[in-house]
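Take a look at the letters that make up each chain.
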Amino acid sequence: MMAKRPEPIQVVKQRRDAALGAIVSGVPYARFLGVTFDRRGDELTGILNFDENLIGNPFLPALHGGATAAFLELTSVITLSWSHHFPAIESGALDPEAMANGELPRMPKTIDFTVDYLRSGLPRDAYARATISRAGRRYASVHVEAWQDHHDKLYAQATGHFLMPSPSDNGGS
């Protein structure tokens with residue numbers, strides 16, 4: 001009996017990128033803010049692409065605090081969703097094509113989210129990475145950090161708690 005050959009890496013990458021793209025595009029506010037994600041292996045980096053409409057204080061100029069908070073929360077939710085649904089994406093239980101057509105799995109729901117503004121966000125692209133501190137069947141805790149020019153010079157960070165979708169929630173919104 002022959003062992004099943006592994007999928008070519010390009011097929012795996014395309015499936016993962018399509019699934020991530022579907023998850024992100026399923027959040028209208030991510031599109032509105034211009035948030036995209038870069039995937040390197042299992043690590044996601046959120047990117048808040050600069051737009052003049054994101055400026056809250058034109059005299060400094062500085063990014064609006066609400067845009068920063070939304071960016072941090074979106075990065076947390078997308079990272080949690082990716083982590084939670086990854087096994088189903090890999091096994092084929094979640095089809096990226098069906099996801100792109102609107103059959104999205106349920107997303108984590110925010111319980112609370114606390115943002116620390118460490119310095120003004122400059123008028124340029126921003127980046128964020130979320131770290132899942134705890135992920136159980138019903139509840140998850142996440143810490144997320146945002147920076148612009150240097151990863152070690154954060155301009156904001158946040159901690160959030162989320163209600164996780166039940167394992168039976170493979171579709172819907």
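Notes on the structure follow. (Residues numbered from 1 in each chain as written. Predicted model: local features only at pLDDT ≥ 70, side-chain atom pairs only at ≥ 80, totals over all residues. Heavy atoms only, no water.)

Once that is clear, we can look at the pairing of strand E7 (residues 139–147). Two elements, strand E6 (residues 126–135) and E7, share eight bridges in a ladder whose sense is antiparallel. Looking across to E7, one finds that Tyr127 is bridged to Trp147. By the bridge criterion, nine bridges tie E7 to strand E8 (residues 154–163) in an arrangement that is antiparallel. Paired with Glu145 across the strands is Gln157, a residue of E8. Here E7 folds back onto E8, and the loop between the two strands holds six residues. (Pairing = 2+ DSSP bridges. Helix = DSSP H or I, 4+ residues; strand = E, 2+ residues; numbered from the N terminus.)

A few words now on the packing of aromatic side chains. All told, the structure shown has four aromatic pairs when counted by the stated rule. Pairing Phe113 with Phe162 gives two aromatic rings, centres 6.3 Å apart and planes at 65°, and the pair type is edge-to-face. Separated by 49 residues along the polypeptide, Phe113 in strand E5 (residues 109–117) and Phe162 in strand E8 bring together distant segments of the chain. (Phe/Tyr/Trp six-rings, centres within 6.5 Å; stacked < 30°, edge-to-face > 60°.)

A few words on the packing of helix H1 (residues 9–25) against helix H3 (residues 65–91). With their axes 11 Å apart at the nearest point, H1 and H3 run at an angle of 135° to one another. With respect to H3, the axis of H1 lies oblique. In this structure, the crossing between H1 and H3 has a hand that is right-handed. Two secondary-structure elements touch here, H1 through Arg15, Arg16, Ala19, Leu20, Ile23 and Val24 and H3 through Ile78, Ser81, Trp82, Phe86, Ile89 and Glu90. For the contact of H1 with H3, a count of residues per class yields eight nonpolar, one polar and three charged. (Axes fitted to C-alpha atoms, helices over the stretch in contact; angles between N-to-C directions. Parallel < 35°, antiparallel > 145°, perpendicular 65-115°, else oblique. Left-handed = near helix turned anticlockwise from the far one by under 90°. Contact = heavy atoms within 4.5 Å. Nonpolar A, V, L, I, M, F, W, Y, C, P; charged D, E, K, R; others polar.)

Moving on, we get to the side chain of Gln157. Within the fold, Gln157 resides in strand E8. Excluding its chain neighbours within four sequence positions, the residues that come into contact with Gln157 are Leu72, Thr114, Val115, Asp116, Leu118, His143, Val144 and Glu145.

In an α-helix, one turn spans 3.6 residues; hence positions three or four apart end up facing the same way. Look at H1: 24 Å from first C-alpha to last across 17 residues, which is about the 24 Å you get at 1.5 Å a residue. Residues of H1 that are buried include every one of Val12, Arg15, Ala19, Leu20, Ala22, Ile23 and Val24, and no others. Along its buried surface, H1 packs onto helix H2 (28–33), strand E1 (35–40), strand E2 (43–48), H3 and helix H4 (96–100). (Expected span 1.5 Å × (residues − 1). Buried < 20%, exposed > 50% of the residue type's maximum accessible area, 1.4 Å probe, protein only.)

For H3, built from 27 residues, the straight-helix expectation of 39 Å at 1.5 Å per residue is met to within 8% by its first-to-last C-alpha distance of 39 Å. At His85, H3 shows its strongest bend, of approximately 50°, with the proline Pro87 following within four residues. Positive backbone phi, approximately 95°, marks Gly92, located one or two places after H3. (Bend = angle between axes of the 7 residues up to and from the residue.)

Turning next to the nonpolar core. A general tendency of soluble globular proteins is for nonpolar side chains to be buried together. Grouped together as the largest cluster of nonpolar side chains are 44 residues, with contacts concentrated most on Leu33, Val35, Leu48, Phe71, Leu72, Ile78 and Tyr155. No other element matches H3, which puts twelve residues into this core. Not counting residues within four places of it along the chain, the set of residues in contact with Leu48 comprises Leu33, Val35, Leu54, Leu63, Phe71, Asp125, Ala126 and Tyr155. (Core = buried A, V, L, I, M, F, W, Y, C linked by side-chain atoms within 4.5 Å.)

One open sheet holds the six strands; their spatial order is E1-E2-E6-E7-E8-E5, and the pairing between them is antiparallel. The open sheet is flanked by E1 and E5, the only strands paired with a single partner. Each adjacent strand pair in this sheet contributes to an overall mean axis angle of 25°, direction not counted. Against the sheet, H1 makes contact with E1 and E2, and its axis sits at roughly 155° relative to E1, the strand it touches most. Where H3 meets the sheet, it contacts E1, E2, E5, E6, E7 and E8, and its direction lies at approximately 50° from that of E6.

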